[in-house]
Amino acid sequence: MQRAEQQQEQQTQAQLQQQAQQQAQQAQQQQQSTTSRRGALLLGTLSLSAMPALMPAGSVNGGWPTPGGTLMGCAPAAALTLAEVTPAVAPANLTAREKEVIGIFERGTYGVVNIFDATIPGRSGGAPAAEVAEGNGSGFVLDTQGNIVTNYHVLQKALEGFGDKANDRKVARVTLLLPDGVKQTFDGILVGADRARDLAIVRINADPESLRPLALAQSAGLRVGQQVLAIGNPYGFEHTLTTGVISGVERQIRSQVGTLIPGGIQTDAAINPGNSGGPLLDSAGNVIGVNTAIFTSTGTSVGIGSALPIDIVTDHGEGAELLGFALPVDVIRKVVPQLISNGRVSRASLNVQVASDDVATATHK
């Protein structure tokens, strides 16, 4: 019986040891679970501190706000620099032709002026209006003496208002872009005008060093398909560049003053109101014509423009009346020197009038 009691006591002790071991295991598991939750909380805290861009407004000291304040251990991250958040910019890979066109414009634009009829009130070189009234056009610098070439019709109101006494009178306001990028407006004094060729020359009193004359080419020998550039002030938008090709040569142009001008250059470069009097350039940046007319039912460019050949402007020959400027460059070569030296163009004439049939019949009797 004593032995049975001993066995029962041993069993009881074994059960107690087993229960103690189970309790120890449970306690260890609970401790591991608590440690895991704390690690997850710490990881979340570190993630928040590494993402300052996601912090809501009102966070304190870089911490994430909670009902009780900010989370402990959430230190603010270093601020990103402007360079780090600025998107990369693709390089401007310009073609060789694009570089050439840019160079032509950047050199030539300083030789192009904005011209306003001085007799029309309220016209100046300010912001362009939706519609450009008469008396707004373009011109280009001919030489360092301040002579400016433009169209007769740009200054038509002033020229017709002064009549035969227009020479040496202020007929325009001329805005010039100086080499330092500053625009300056000068009084344009009429040197001469040729209504028949829709040309006029005004002179400005500008520092010769600030003037950038455009070189004149020849319009003889121009070929359809040649690339051309037009610089002007369409609708008052100053120093606008358009490009195209020569679409036709030896066109007869009806100018805006009603005269017929032979030898015109047709181009598909956009020419709009305000371009009149501006230069038409070849691919080397030399003047081959003076933009003077568009043909459209809407008054805006539809791809058909005309320019006076530059040779008409610079010929020193005699003939015609000295009243104006601009068209094909060969026209300019013929007319402009006479306008500068004489104020008018002298054209050859036999001074003969055609008799009526009655006079002719009476003479032969």
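Our structure is the block above this text.
Residues numbered from 1 in each chain as written. Predicted model: local features only at pLDDT ≥ 70, side-chain atom pairs only at ≥ 80, totals over all residues. Heavy atoms only, no water.

> Would you mind showing me how to read the environment of Ala220 here?
By the secondary structure assignment, Ala220 is in the loop between strand 8 (199-203) and strand 9 (227-232). Remark: the alpha-carbon pair of Ala220 and Pro328, spanning 108 residues in sequence, is separated by 9.0 Å. (Helix = DSSP H or I, 4+ residues; strand = E, 2+ residues; numbered from the N terminus.)

> I keep staring at the pairing of strand 5 (residues 147-150) and nothing clicks. Help me out?
Moving residue by residue along a regular strand, the side chains alternate between the two faces of the sheet. Going residue by residue along strand 5, you find Asn147 and Val149 tucked away on one face and Ile148 and Thr150 tucked away on the opposite face as well. Taken together, the two bridges between strand 4 (residues 136-141) and strand 5 define a ladder with antiparallel strand orientation. Its bridge partner lying in strand 5, Phe140 is registered against Val149. Connecting the antiparallel pair strand 4 and strand 5 is a turn made up of five residues, with Gly146 showing a positive phi of about 90°. The pairing of strand 5 with strand 8 spans four bridges and is antiparallel. (Buried < 20%, exposed > 50% of the residue type's maximum accessible area, 1.4 Å probe, protein only. Pairing = 2+ DSSP bridges.)

> How should the pattern of salt bridges be read in this particular structure?
It is possible for side chains bearing opposite charge to pair when their charged atoms get close. Overall, the coordinates contain three salt bridges when judged by the stated rule. Across the pair Lys183 and Glu238 runs a salt bridge, and its minimum N-O distance is 2.9 Å. Linking Lys183 in strand 7 (residues 183-194) with Glu238 in the loop between strand 9 and strand 10 (240-254), this pair joins segments that are 55 residues apart in sequence. For Lys183, a relative accessible area of 47% translates into the label partly exposed. (Salt bridge = Lys/Arg side-chain N within 4 Å of Asp/Glu carboxyl O.)

> I keep staring at the pairing of strand 8 and nothing clicks. Help me out?
Burial analysis of strand 8 places four of its five residues in the buried class, the great majority of the element. As paired strands, strand 7 and strand 8 are joined by five bridges and run antiparallel to one another. Bridging across to strand 8, Gly192 finds its partner in Ile201. In sequence, strand 7 turns back onto strand 8 through a hairpin of four residues, with Asp198 there showing a positive phi of about 55°.

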